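Descriptive analysis of the structure
This is what each chain is made of:
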Amino acid sequence: MYCLFCSKPKIEKNARDFTGKVVLVTGSSSGIGEGIVKLFSALGANVVVTGRKADRVNRVAQEAQQLSPKKLKPLAIVADVTKNGDLNNLLNQTIKTFGKLDVLVNSAGLGIFSPVKDPNFMKVFDTLIKVNLRAYLKLTHLAVPYLEATNGTIISISAVMGMVPMKYSTAYAISKAGGDIMTRTLALELGPRIRVNAINPGVTATNFDQNSGLDEKTVDMFRQQILKRIPMGRIGQPLDVANAAAFLASKDAQYITGANLVVDGGMFWLTKILFIKTDRNVFMNARNGRDFTGKVVLVTGSSSGIGEGIVKLFSALGANVVITGRKADRVNRVAQEAQQLSPKKLQLLWPM
Ligand SMILES: NC(=O)c1ccc[n+]([C@@H]2O[C@H](COP(=O)([O-])OP(=O)(O)OC[C@H]3O[C@@H](n4cnc5c(N)ncnc54)[C@H](OP(=O)(O)O)[C@@H]3O)[C@@H](O)[C@H]2O)c1
């Protein structure tokens, strides 16, 4: 049985020695995942390299083997994380080859930046959710029994953009914020046997931007702008994120679970300050702008509860309101009460 008070940390002199550990890193054929898989190989682990493109997977596997102190051969598997069959195969091959799993790193991902008005916006959203969120959860779901057996750990590569808003990043940010709450809920559910953490990188030099559909000029401009806001004075490198992953997987982090480790050279806090300034303006406008005369406000779920309260307030502030819900008697009642609150007793559209 696990004792809440008996288990005490010890000084670990070789916390970064991963000899005998098995580490699977998705998206390890490029960028951050490549940096992570190579570092774990250099620190003695048996590693699994994976991605969709065989040539890249094989190249990274060979380079990782060269870095391994005992020249351990990585398992190289071509897999598309949006396919359930590929994820099953990835895990089955890992267990068949190495007999266990100690560390799962979810890193396969992509960023597409699209305004909400773009006709393809929902297509972009579905793709990002599939790769950046569903695949993380599905592989985690498959891996949990194996990680329980080894007191293993899960690390998901998230993004600063999942924590602070940036224009045109709605779909991407939702996929990353979803992963962050997944990390926190699973930390509660899977402790004490499995630790679950996230790393939130800032701008990192990888193929990410090129794969995002942005042209090179825009990417360059974006990086120059961002660079000015990074206190550490440089763009992040995959090894910066990999060092954080090695720390979170190590015994030095044995009391850390459900955490977001931000690795961004300090950019996050500057972004936050900019955001807080904007936020204050929004509140100033809200205070001066409570006259909604001439505005039309539609509130779904307004036949009861919170929606009812909202629609009544807008009616009281002069707006034309639309009340809706599944039950006609409730919709009518709220409509009549909202009309009573309206300064000009704005007419009911329905019932006529
Ligand atoms: N670079 C940044 O500035 C930055 C910042 C914050 C967070 N991140 C996050 O870091 C993670 C890694 O991105 P990166 O910067 O390393 O980008 P990258 O260099 O483009 O690498 C992305 C990796 O994901 C793999 N991948 C993409 N779609 C996949 C799919 N459907 N199935 C299997 N593998 C797939 C790619 O392999 P194939 O294309 O060969 O399949 C590649 O190995 C992502 O989750 C990203 O959101 C990056």
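Residues numbered from 1 in each chain as written. Predicted model: local features only at pLDDT ≥ 70, side-chain atom pairs only at ≥ 80, totals over all residues.

Describing the site of the ligand
Heads up, the rule is: For each residue, a C-beta position is placed from the backbone atoms; the residue is near a molecule or strand when that point lies within 6 Å of it. Elements are defined by DSSP. Helices are runs of H or I of four residues or more, strands are runs of E of two residues or more, and each kind is numbered from the N terminus. Each residue receives one of three labels: charged for Asp, Glu, Lys and Arg, nonpolar for Ala, Val, Leu, Ile, Met, Phe, Trp, Tyr, Cys and Pro, and polar for the others, Gly being one of them.
Around the ligand sit 29 residues, and of these G27, G31, R52, G109 and F208 come closest. Elements supplying a minimum of two residues to the shell around the ligand: α1 (31–42), α4 (121–150) and α6 (208–211). Here the residues of the shell around the ligand sort into 10 nonpolar, 15 polar and four charged.

Side note on the domain arrangement of the protein
Accessible area lost upon the coming together of the parts serves often as the stated size of an interface. To keep things clear, this is the line we draw: For each domain, the first and last residues come from an automatic or database assignment.
We note that the domain assignment places domain 1 (22–273) and domain 2 (296–341) within the protein. Averaged C-alpha coordinates put domain 1 and domain 2 at centres separated by 45 Å.

Section: the nonpolar core
Stated formally: A set of buried residues qualifies as a nonpolar core if it consists of Ala, Val, Leu, Ile, Met, Phe, Trp, Tyr and Cys joined through C-beta atoms within 7 Å. Working definition of burial: number of other C-beta atoms within 10 Å of the residue's own, with buried at 20 or more, exposed at 12 or fewer, and partly exposed in between, all C-beta atoms being placed from the backbone. Remark: residues whose backbone-derived C-beta atoms lie within 7 Å of one another are considered to be in contact.
Judged by nonpolar contacts, the single largest core of 69 residues is most densely connected at V23, I36, F40 and A245. Contacts of A245, omitting those with residues within four sequence positions, involve I36, V105, I155 and I199. Grouped together as the second largest cluster of nonpolar side chains are nine residues, V311, V321, I323 and A338 included.

Focus: the pairing of strand β2 (residues 46–51)
This is how the line gets drawn: Being paired, for any two strands, means DSSP has found at least two bridges between them. When the strands point away from the viewer, a crossover counts as right-handed if the path from the first strand over the helix to the second runs clockwise.
In terms of burial, β2 is a largely internal element, six of the six residues being buried. Of the two faces of β2, the one lined by N46, V48 and T50 and the one lined by V47, V49 and G51 are each fully buried. In the sheet, strand β1 (residues 22–25) pairs with β2 via four bridges, with the strands oriented parallel. If you follow L24 over to β2, its bridge partner there is V48. Crossover handedness for the path β1 to α1 to β2: right-handed. Strand direction decides the pairing type here: β2 and strand β3 (residues 75–78), joined by four bridges, are parallel. Bridge pairing links V48 to L75 in β3. At this point the chain moves from β2, through helix α2 (residues 54–67), to the parallel β3, and the crossover so formed is right-handed.

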